[in-house]
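Chains, contacts and geometry: an overview
The chain contents come next:
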Amino acid sequence: YLKWSSAYKAGGVNTRSASFIPFAEEVAKTWELGLKSEFWQQRARFNMAIFTTDYEDMQLDFSDPVIPTLVETINAAEVVEVSGFEFDLTVTPVLGLLVGLSYSYLDGDMPAQPNPLDGGALKQFVVPLAPQHAGALTVDYSFSPQSYGVFALHLDITSTDHYSFGPFGEQRTDAYSLVNARAELSEIDLGQGNGQLKASLWAKNVLDEEYIIYA
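A short tour of the structure in this document, coming up. Just so you know, these numbers come straight off a predicted model, no measurement behind them. (Residues numbered from 1 in each chain as written. Predicted model: local features only at pLDDT ≥ 70, side-chain atom pairs only at ≥ 80, totals over all residues. Heavy atoms only, no water.)

Glancing now at a negative patch on the surface. The grouping of D54, E81, D107 and D109 at the surface amounts to a negative patch. Within the secondary structure, E81 sits in strand β6 (residues 80-91). (Patch = residues over 30% accessible without salt bridge, like charges linked within 9 Å, V, L, I, M, F, W, Y side chains within 5 Å. Areas by Shrake-Rupley, 256 points an atom, 1.4 Å probe, with all protein chains shown as cover. Salt bridge = Lys/Arg side-chain N within 4 Å of Asp/Glu carboxyl O. Lys, Arg positive; Asp, Glu negative; His and termini not counted. Charge placed at Lys NZ, Arg CZ, Asp CG, Glu CD. Helix = DSSP H or I, 4+ residues; strand = E, 2+ residues; numbered from the N terminus.)

Right, dumping it as structure tokens:
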């Protein structure tokens with residue numbers, strides 16, 4: 001498939017600004033070329049997409065270095081481009097086992113922009129909240145049904161590359177990976193027409209990874 005789309009973010013005034021200078025709307029235009037497929041007697045599914053997005057008048061928020069509580073919003077003077085690709089693969093190699101793999105790559109190109117807090121001097125910005133690499137692995141296995149119910153296991157691992165929370169490259173978070181797991185017993189017969197019960201034991205962030213959620 002081939003897709004073109006456009007979207008916008010409304011302009012306005014930052015209420016934490018010292019100057020209250022209005023900023024214009026941001027417009028994003030995206031081209032995407034993709035593939036969706038199933039094969040191996042529908043035991044495998046592979047999807048992928050290659051895309052590029054141009055941001056016109058991208059809205060950039062940054063703190064005043066002298067008074068950090070003041071936040072200015074400007075429109076980027078140059079067009080910002082973010083390109084990349086992503087894929088996800090789901091396979092059922094044997095009965096009861098489901099394995100999923102996904103990956104995404106982002107390449108953000110932001111030319112130097114005039115810094116209004118430095119007399120308009122050119123400043124090298126970065127595209128915030130855009131990790132270059134990210135991926136996930138999931139494994140699910142359901143055992144054969146037994147008289148007491150159906151036992152199933154789940155494991156997922158997500159990994160994110162380092163990225164910046166702000167356009168100056170400040171407040172960066174390191175790369176991190178998270179592991180989650182779950183054991184489940186379902187279809188437990190309660191007898192005498194009382195229905196069925198499902199019980200799960202799960203653990204989030206099994207390896208106790210410390211990571212920044214917001215900065």
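This paragraph deals with a nonpolar patch on the surface. On the surface, L2, W4, W31, L33, I50 and F85 cluster together into a nonpolar patch covering about 670 Å² of accessible area. Along the polypeptide, I50 turns up in strand β3 (residues 44-56). Given the relative accessible area of 46%, I50 is considered partly exposed. (Buried < 20%, exposed > 50% of the residue type's maximum accessible area, 1.4 Å probe, protein only.)

Following the sequence through the fold, N47 ends up in strand β3. On the basis of relative accessibility, which here comes to 15%, the residue N47 falls in the buried class. From its side chain, N47 meets the backbone nitrogen of S37 in a polar contact 3.5 Å long. Leave out the neighbours within four places in its chain, and N47 touches L35, K36, S37, E86, F87 and D88. (Polar contact = N/O pair within 3.5 Å; in protein donor to acceptor, adjacent residues only side chain to side chain. Contact = heavy atoms within 4.5 Å.)

Take it as geometry only, folks, not as evidence of what the structure does.
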